[in-house]
Amino acid sequence: AEAHDSGLFADSADDVLACYYQGEVTPRRLRSHFETVLDPYKVPSVIHQVSELPYTENGKVDRDALRAVRCAAQKALPAASPEEQVLHLVRQLTGVSDVGLDENFFSIGGDSVSALVLVQKLKELGWMDVGVRDVLHAEILKDLTSKLPTRIV
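Worth saying up front: this structure is predicted, and the values here are computed from it rather than measured.

### As for the overall build of the protein
Item 1. Looking only at helices and strands, the protein has six helices and three strands in total.
Item 2. The helix and strand sequence of the protein, counted from the amino end, reads β-β-α-β-α-α-α-α-α.
Item 3. Taken over 153 residues, the protein has a buried fraction of 41%.
Item 4. Across the protein, the fraction of contacts at a sequence separation of at least 24, relative to all contacts at a separation of at least 6, is 56%.

Put into structure tokens, the structure is as follows:
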């Protein structure tokens, strides 16, 4: 696991602890394992599975190439519905690709920093009234998305 610029938002200086790994284990299962053996602040914010690790000419893991692979996967445009837009953003922020509306943002890897970034991105999509409290109070992502359609500017 390594700390990198999230790459998610080029205009943001926020860093995330990202874990790149090879293998058959799902990011969810790996996160669950990390939560049992690491202090909470040491659990990576983003867990990203790769088919192979890229190396530099000197034989070191190429961090920039790893970041680029993750960023390329995140470039897809979000779908039109509020639900799909929120799910797209949450997938980018957590690295969990099979997130559903019935899940809690924080239980799948969201944290206070990623909650701030989520709110920022939702505002950029037009939901100007959304705030961190909305993310904190949403038991599941559906609770958050159910408020968004009525708030769009």
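### Remarks on the nonpolar core
Item 1. By size, the foremost hydrophobic cluster in this structure holds 21 residues, and its most contacted members are V90, F105, L118, L122 and L144.
Item 2. Of all the secondary-structure elements, those providing two or more residues to this core are helix 3 (82-94), helix 4 (112-124) and helix 6 (141-147).

### Here we look at helix 1 (residues 27-37)
Along an α-helix, residues three or four positions apart point the same way, because every turn accommodates 3.6 residues.
Item 1. If you check which residues of helix 1 are buried, you get P27, L30, R31 and F34. Projected onto a plane normal to the axis of helix 1, the buried residues spread over an arc of 100° and lie on a single side. Of the exposed residues in helix 1, the ones pointing more than 90 degrees away from its buried face are R29 and T36.

Cut-offs and rules
Residues numbered from 1 in each chain as written. Predicted model: local features only at pLDDT ≥ 70, side-chain atom pairs only at ≥ 80, totals over all residues. Heavy atoms only, no water. Helix = DSSP H or I, 4+ residues; strand = E, 2+ residues; numbered from the N terminus. Buried < 20%, exposed > 50% of the residue type's maximum accessible area, 1.4 Å probe, protein only. Contact = heavy atoms within 4.5 Å. Core = buried A, V, L, I, M, F, W, Y, C linked by side-chain atoms within 4.5 Å. Arc of directions from axis to C-beta.

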